[in-house]
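Spelled out, the chains give:
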There are 2 protein chains.
Amino acid sequence: MTEFGLIDHIRTLCAALPDAGFEGIGDDCAVLPVGGNESLVFTTDLLCEGIHFLRHSAEPRTLAGKALAVNLSDVAAMGARPIATLLSLALPADATGRWAEEFVAGYCAASERWKTALVGGDTTSAERHITISVTAIGRVSDRCLKRRSAARSGDAILVTGTLGASGRGLRDLLEGRPDTEAARIHLSPEPQIEEGLWLGGRTEVHAMMDLSDGLASDIRRILAESHAGAEIDLERIPVAEGSDLETALCGGEDYRLLLTADAAQTERLCADFHDRFGRTLHRVGRITGPTDGRALWLRGGEPQPLDYAGFEHF
Amino acid sequence: MTEFGLIDHIRTLCAALPDAGFEGIGDDCAVLPVGGNESLVFTTDLLCEGIHFLRHSAEPRTLAGKALAVNLSDVAAMGARPIATLLSLALPADATGRWAEEFVAGYCAASERWKTALVGGDTTSAERHITISVTAIGRVSDRCLKRRSAARSGDAILVTGTLGASGRGLRDLLEGRPDTEAARIHLSPEPQIEEGLWLGGRTEVHAMMDLSDGLASDIRRILAESHAGAEIDLERIPVAEGSDLETALCGGEDYRLLLTADAAQTERLCADFHDRFGRTLHRVGRITGPTDGRALWLRGGEPQPLDYAGFEHF
């Protein structure tokens, strides 16, 4: 079974369970309305040694920041403010000393920087490999909450920054060049917390999610949840300097935000975004009517026979 | 650094972080007041193959139930009702097929039984060993919330059932006797959800926690948080049939509730508990005045030179 096959299997079985006031699975975070027109949102990620990081090439302080960042990015993608995390560590004997101390120091420094509390967790021994589990909690006004299911036919599709730097950085690391800017970006992603909050406050923004597996894969989740199709203009993809189109679409781990917005108000939205953040909000395509949830990739307006797939974990 | 050394290190670093409205670390769960005289509580646990379970001796369905149960037990220990969980799985290639399907089916069946939603999670590949991370969320009226820090001098110390069956069961399993009742109890612990809710509603109950590492270790956490001491009467420890005193005190994983209550009202509390659940609430000792947080172990009223320690994970 593939990763997404297993997730679909879980979703099917879950549907029969009580919802306890939660909205269904399908977004970057689970959503629990708590009254007062507010909701809490929840997300969790596992990082495994040998799969997501190699101990000898990842400084524990840097890795800790990344473990936190990828979760905060999911919270930001809902238009929510991250408020706290829980951190669990499974540590083999040779990681319980300096490695653990450095990791925890880095995690707390990153928590301070992103203004999140560390409110709980678990520590245990492990046979051989380090495993890191982070659960993040965010808070959001219900009117600012953004979901994957809210894309509407005719919406513009936008991304909050260039794509492909992280994928390029991973290649640099694997090829023994840990000192490039792309490698630094791969190791130390920045969750777009302020961007997510700002976009959450704009009513012309409809659907939103974060780009963790690559645009080619992630856009399909908005399309599936929104029962829509999309046309993406390949020449509009903002490829990061030193990267390439395929990496920008499939490399993953860019942690930019992917959103759809009312096309008629997109020019103003992009101008205001630039005023606020000094950076470009890139328009890369548009949502089309109900389809089978696939994206059409266009060059010069002509469909291209691309079969880009994002990263699957197994 | 030991497990508790690392936890202390984390707590010290955390203290400088914003609290985001959460109460500090120190209980079975983190507590977030959400208004309307209600709080949400959060807890998380990691289970690692080779440390917490052996793949060949743990049925994935049974293991899934246990992974959920140990988290729900932490929620119950706060007097809260568990409402939902997030589940993350790191799976080596040889566990992505039937093992994963069986695990997920077992997890959903246990969720249905204990009336909790499954609202999110993560799945990823792993190099070699399975890792399971569960985060549980509970809801509680603020007047029912029980903390480790609330024990008062003179309180009776009570436990909600017999102790030592799980430790005995682990020994049975390790010695090749998987079919004993104790082995079944070890593999399929029952979180005392209804007991926790009922005790949460009793104002004469002061401090509460769940017994996961063993009474000898766990009582010290109530004493540390409450700045108190304790006297435990060894002849009053309710040793499970087929187990022994040391296993009852140090074996861990019994998932009973450990609580303190106003001594003057304890007789009535125990009678009402028996009426409600048909089982005994066992009185095992009393909280004494401020001390260094140690428990005195008495036999026939005489201090015993015991140095029992609970389970430390590394």
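Everything discussed here concerns the structure shown above.
Quick caveat, the model's predicted, so the values are computed rather than measured.

Cut-offs and rules
Residues numbered from 1 in each chain as written. Chains lettered and ligands numbered in written order. Predicted model: local features only at pLDDT ≥ 70, side-chain atom pairs only at ≥ 80, totals over all residues. Heavy atoms only, no water. Helix = DSSP H or I, 4+ residues; strand = E, 2+ residues; numbered from the N terminus. Contact = heavy atoms within 4.5 Å. Polar contact = N/O pair within 3.5 Å; in protein donor to acceptor, adjacent residues only side chain to side chain. 1 Å grid on protein atoms, 1.4 Å probe; cavity = no way out; pocket = protein on both sides within 12 Å on 5 of 7 lines; lining within 4 Å. Points joined across faces, edges and corners; volume = space filled by probe spheres on them. Nonpolar A, V, L, I, M, F, W, Y, C, P; charged D, E, K, R; others polar. Expected span 1.5 Å × (residues − 1). Buried < 20%, exposed > 50% of the residue type's maximum accessible area, 1.4 Å probe, protein only. Salt bridge = Lys/Arg side-chain N within 4 Å of Asp/Glu carboxyl O. Pairing = 2+ DSSP bridges. Axes fitted to C-alpha atoms, helices over the stretch in contact; angles between N-to-C directions.

### Concerning the environment of Glu253 of chain A
All names here are of chain A. Positionally, Glu253 belongs in the loop between helix 8 (245-250) and strand 9 (257-261). Each C-alpha atom, one on Glu253 and one on Ile157, is 19 Å from the other, the two residues being 96 residues apart in sequence. The residues touching Glu253, leaving out its near neighbours within four places in the chain, are Lys66, Ser166, His186, Leu211, Ser212 and Asp213. Here the side chain of Glu253 touches Lys66 through a polar contact of 3.3 Å, side chain to side chain.

### Brief notes about empty space enclosed by the protein
It is a probe the size of a water molecule, rolled over the atoms, that shows where empty space is left. Considering all chains together, one arrives at two cavities of 30 Å³ or more under this definition. Its boundaries defined by the atoms lining it, the largest cavity holds a volume of some 120 Å³. Every residue lining the largest cavity is counted, 17 residues in all, and those nearest its centre are Ala126, His129 and Thr131 of chain A together with His129 and Thr131 of chain B. Of the residues that constitute the lining of the largest cavity, the class distribution is seven nonpolar, four polar and six charged. Every residue lining the second largest cavity is listed: Leu163, Leu211, Ser212, Gly214, Leu215, Ala248, Gly252, Glu253 and Asp254 of chain A.

### Regarding helix 3 (residues 98-113) of chain A
Between the first and last C-alpha of helix 3 of chain A there are 22 Å, a value that for 16 residues agrees with the 22 Å anticipated at 1.5 Å per step. Listed in full, the buried residues belonging to helix 3 of chain A are Trp99, Ala100, Glu102, Phe103, Val104, Ala105, Gly106, Tyr107, Cys108, Ala110 and Ser111 of chain A.

### Notes on the side chain of Asp74 of chain A
Inspection of the secondary structure puts Asp74 of chain A in helix 2 (residues 60-76). In contact with Asp74 of chain A, other than residues within four places in its own chain, are Asp28, Cys29, Thr43, Asp45 and Asp210 of chain A.

### Comments concerning the pattern of salt bridges
What the rule picks out here adds up to 49 salt bridges over all chains. Among the salt bridges present, the one from Glu204 of chain B reaches Arg202 of chain B, with a minimum N-O distance of 2.7 Å. Summarising the burial analysis for this pair, Glu204 of chain B and Arg202 of chain B share the class buried. Salt bridges here are not isolated pairs; linked through shared partners, they connect Arg168, Asp172, Glu175 and Arg177 of chain A.

### Let's talk about the sheet that holds strand 2 (residues 38-48) of chain A
Two strands in a sheet stick together by hydrogen bonds in their backbones, pointing the same way (parallel) or opposite ways (antiparallel). Residues and elements named next belong to chain A. Pairing in this open sheet of five strands is mixed, and the strands run 1-2-5-3-4 from one edge to the other. If you trace the sheet from one side to the other, it starts and ends with strand 1 (30-35) and strand 4 (117-125), each paired once. Neighbouring strand axes in the sheet, compared pairwise and without regard to direction, differ in orientation by 20 degrees on average. Inspection of the sheet shows strand 2 paired to strand 5 (residues 131-141) by eleven bridges, in the antiparallel sense. Within strand 5, the position partnered with Cys48 by the bridge is Thr131. The strands that helix 3 touches are strand 3 (81-91), strand 4 and strand 5; relative to strand 3, the one it contacts most, it runs at about 175 degrees.

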